[in-house]
Amino acid sequence: MAMPTATETELTELVARIEPVDPAWQQAGRDRQNDLTKPPGSLGELEEIGIRLCGIAAQCPPPVPHRPHVVVFAGDHGVFAQQVTPWPQEVSVQMAAGVVIGFAGVSVIARAHDARVEVYDVGLKQPAEGTVDRRISAGTSDFTVGPAMSRQQAVTAIAVGVEAANLAIDAGADILVPGEVGLANTTPAAALTAALTGTAVGQVTGRGAGADDAMLTHKIEVIEQGLRTNGIGAETDPLDVLAAVGGYEHAAMVGFILAAASRRIPVVLDGVVSCSAALVAKALAPSVVDYLFAGHAGVEPAIAVAHEALGLRGLVDLGLRLGEGSGGALALPLVRAAALVMNEMGTFSGQGVSKA
């Protein structure tokens, strides 16, 4: 299949189509929550999810998501050469194939919630059978010696994510989860998070797939070197930041998030990689945060930093650190339950129940 068209003009036009949610619909959701037969606030975060769903759909009560779709973007990273992970790089293609076959963690969790899963190869070093082939190159470059990718390659990867989201939505998906596979991808995720939030690298860098203390210290040094080498500062254009220290899967998730928001479809983020992509998306289109939910709190330090910057709260806190979209898929029933409460729970005005 042909690579999707990719120009900065198309990206600018996509960003322009993303509108903030209407506060009036959120207020309608809040009013309905106050009319449901329960003490105000007694359903905690579920209430806020329902209110936000009203704003996203411009409808109250909101539609109940029933066709979830997980898209996993797979890519390899040149910074792997800096020994920032204890795992061999061939695991990337093996796990991408595992998601397709159905034995990966995200595959199992998605099946539990009747979510469809597909995998887009945006830059694995070797092709993985059963994936949608959108390989831009055989992995990114090592960002400690120069940009991980060109600006045009970043735009092309974003376009792959846009294509994936639009195809899923056109096929009936009404809630999306971005996932990823790629050894060493928490390193660019930490780099993106540090650059886009102004947080010290040491505060956003975690152990990823099992780094010990020495490797963690080295990982921090590698990220700091990459930011210096590429001249990344507070005023650097977000697309240039993405190209300099991001990965193909990060860029694809940026497009995936932007496309969903442009079509008023909620997105449930997973862990540190998708959260770092969401930071890029927010830098390009601030209103995109209105359409995002945070699947889980996670253990990588960059997740907490990203959630604060995005104004989000993890829906589950189970110490997850697998990636693949697993935490986003795990949170799907909570979002669905919040919508069902808005639709099916009795109201004081309708059931004749006395308020306190």
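Preceding this paragraph is the structure being described.
Anyway, here's the lowdown on the structure attached to this text. (Residues numbered from 1 in each chain as written. Predicted model: local features only at pLDDT ≥ 70, side-chain atom pairs only at ≥ 80, totals over all residues. Heavy atoms only, no water.)

Here we look at the overall build of the protein chain
Looking only at helices and strands, one finds 16 helices and seven strands in the protein chain. Radius of gyration (C-alpha) of the protein chain: 20 Å, near the 21 Å computed for a compact globule of 356 residues. Dimensions of the protein chain along its principal axes, counting C-alpha atoms only, are 70 × 40 × 40 Å. Per-residue burial for the protein chain yields a buried fraction of 58% across its 356 residues. Of the accessible surface of the protein chain, which amounts to about 13900 Å², a share of 53% is contributed by carbon and sulfur atoms. Charge-centre separation for the protein chain: the mean point of 22 positive side chains lies 5 Å from the mean point of 37 negative side chains. (Helix = DSSP H or I, 4+ residues; strand = E, 2+ residues; numbered from the N terminus. Rg over C-alpha atoms; globule rule 2.2 N^0.38 Å. Buried < 20%, exposed > 50% of the residue type's maximum accessible area, 1.4 Å probe, protein only. Areas by Shrake-Rupley, 256 points an atom, 1.4 Å probe, with all protein chains shown as cover. Lys, Arg positive; Asp, Glu negative; His and termini not counted. Charge placed at Lys NZ, Arg CZ, Asp CG, Glu CD.)

Some remarks on the pairing of strand S1 (residues 68–75)
Counting buried positions along S1 yields eight of eight residues, so the element is predominantly enclosed. Alternating residues of S1 divide into Pro68, Val70, Val72 and Ala74 and His69, Val71, Phe73 and Gly75, and every residue in both groups is buried. Pairing geometry for S1 and strand S4 (residues 175–181), over seven bridges, is parallel. For Pro68, the partnering residue across the bridge sits in S4 and is Ile175. The sheet contact formed by S1 and strand S2 (residues 116–123) spans seven bridges and is parallel. (Pairing = 2+ DSSP bridges.)

Structural notes on the side chain of Thr156
Here Thr156 lies in helix H6 (residues 151–170). Discounting residues that sit within four places of it in the chain, Thr156 has contacts with Met3, Ala6 and Ile136. (Contact = heavy atoms within 4.5 Å.)

Topic: the packing of helix H11 (residues 248–262) against helix H12 (residues 272–284)
Where H11 contacts H12, the axes come no closer than 8 Å and their chain directions differ by 60 degrees. If you check the angle between H11 and H12, you find them oblique. The way H11 lies across H12 gives a crossing that is right-handed. Taken together, the residues of H12 that come into contact with H11 (itself represented by His250, Met253, Val254, Ile257 and Leu258) are Val273, Ser274, Ser276, Ala277, Ala278, Val280, Ala281 and Leu284. Residue classes in the contact of H11 with H12 are distributed as 10 nonpolar, three polar and no charged. (Axes fitted to C-alpha atoms, helices over the stretch in contact; angles between N-to-C directions. Parallel < 35°, antiparallel > 145°, perpendicular 65-115°, else oblique. Left-handed = near helix turned anticlockwise from the far one by under 90°. Nonpolar A, V, L, I, M, F, W, Y, C, P; charged D, E, K, R; others polar.)

Regarding the packing of aromatic side chains
For the structure shown, the criterion picks out two aromatic pairs. For the ring pair Phe73 and Phe256, a centre distance of 5.6 Å and an interplane angle of 75 degrees mean the geometry is edge-to-face. Of the two residues, Phe73 is situated in strand S1 and Phe256 in helix H11; the sequence distance between them amounts to 183 residues. For Phe73, a relative accessible area of 0% puts it in the buried group. Taking the relative accessible area as the measure of exposure, Phe256 reaches 0% and is therefore buried. Over the aromatic face of Phe293 sits the side chain of Arg52, whose NZ or CZ is 4.5 Å from the ring centroid. (Phe/Tyr/Trp six-rings, centres within 6.5 Å; stacked < 30°, edge-to-face > 60°. Lys NZ or Arg CZ within 6 Å of the ring centre and 35° of its normal.)

Some words on helix H10 (residues 238–245)
Given 3.6 residues to a turn, an α-helix orients residues that are three or four positions apart in the same direction. Buried residues dominate H10, accounting for seven of its eight residues. Taken together, the buried positions of H10 are Pro238, Leu239, Val241, Leu242, Ala243, Ala244 and Val245. For H10, the capping residue at the N-terminal end is Asp237, with a side-chain oxygen 2.9 Å from the backbone nitrogen of Leu239. (Polar contact = N/O pair within 3.5 Å; in protein donor to acceptor, adjacent residues only side chain to side chain.)

Considering the nonpolar core
If you look at the biggest cluster of nonpolar residues, it comprises 115 residues, and the most contacted ones within it are Phe73, Leu176, Leu227, Leu242, Leu258 and Leu269. The residues contacting Leu176, other than those within four sequence positions of it, are His69, Ala165, Ala168, Ile169, Phe256, Ala260, Ile265, Pro266, Val267 and Val268. (Core = buried A, V, L, I, M, F, W, Y, C linked by side-chain atoms within 4.5 Å.)

Side note on the side chain of Asn230
Position of Asn230 among the secondary structure elements: in the loop between helix H9 (213–229) and H10. For Asn230, a relative accessible area of 17% corresponds to the buried category. A distance of 3.0 Å separates a polar side-chain atom of Asn230 from the backbone oxygen of Phe143. A distance of 2.9 Å separates a polar side-chain atom of Asn230 from the backbone oxygen of Gly226. Discounting residues that sit within four places of it in the chain, Asn230 has contacts with Phe143, Gly146, Pro147, Ala244 and Val245.

Notes on the environment of Gln152
Tracing the backbone through its elements, the reader meets Gln152 in helix H6. We classify Gln152 as partly exposed; its relative accessible area is 41%. Considered as a pair, Gln152 and Leu239 are 87 residues apart in the sequence and their alpha carbons are 9.8 Å apart.

A short note on the pattern of salt bridges
Summed over the entire model, instances satisfying the criterion amount to 10 salt bridges. Of the charged contacts, one joins Glu45 and Arg313 as a salt bridge, the two residues approaching to 3.2 Å between their closest N and O atoms. Within this pair, whereas Glu45 is found in helix H3 (residues 45–57), its partner Arg313 is found in the loop between helix H13 (301–310) and strand S7 (314–316), the two being separated by 268 residues in sequence. Close ionic contact of Glu118 with Arg116 constitutes a salt bridge, the shortest N to O distance being 4.0 Å. With a relative accessible area of 15%, Glu118 lands in the buried category. Arg116 gets classed as partly exposed once you look at its relative accessible area, which sits at 48%. A single network of salt bridges, built from pairs that share partners, joins Glu8, Arg151, Asp237 and Asp240. (Salt bridge = Lys/Arg side-chain N within 4 Å of Asp/Glu carboxyl O.)

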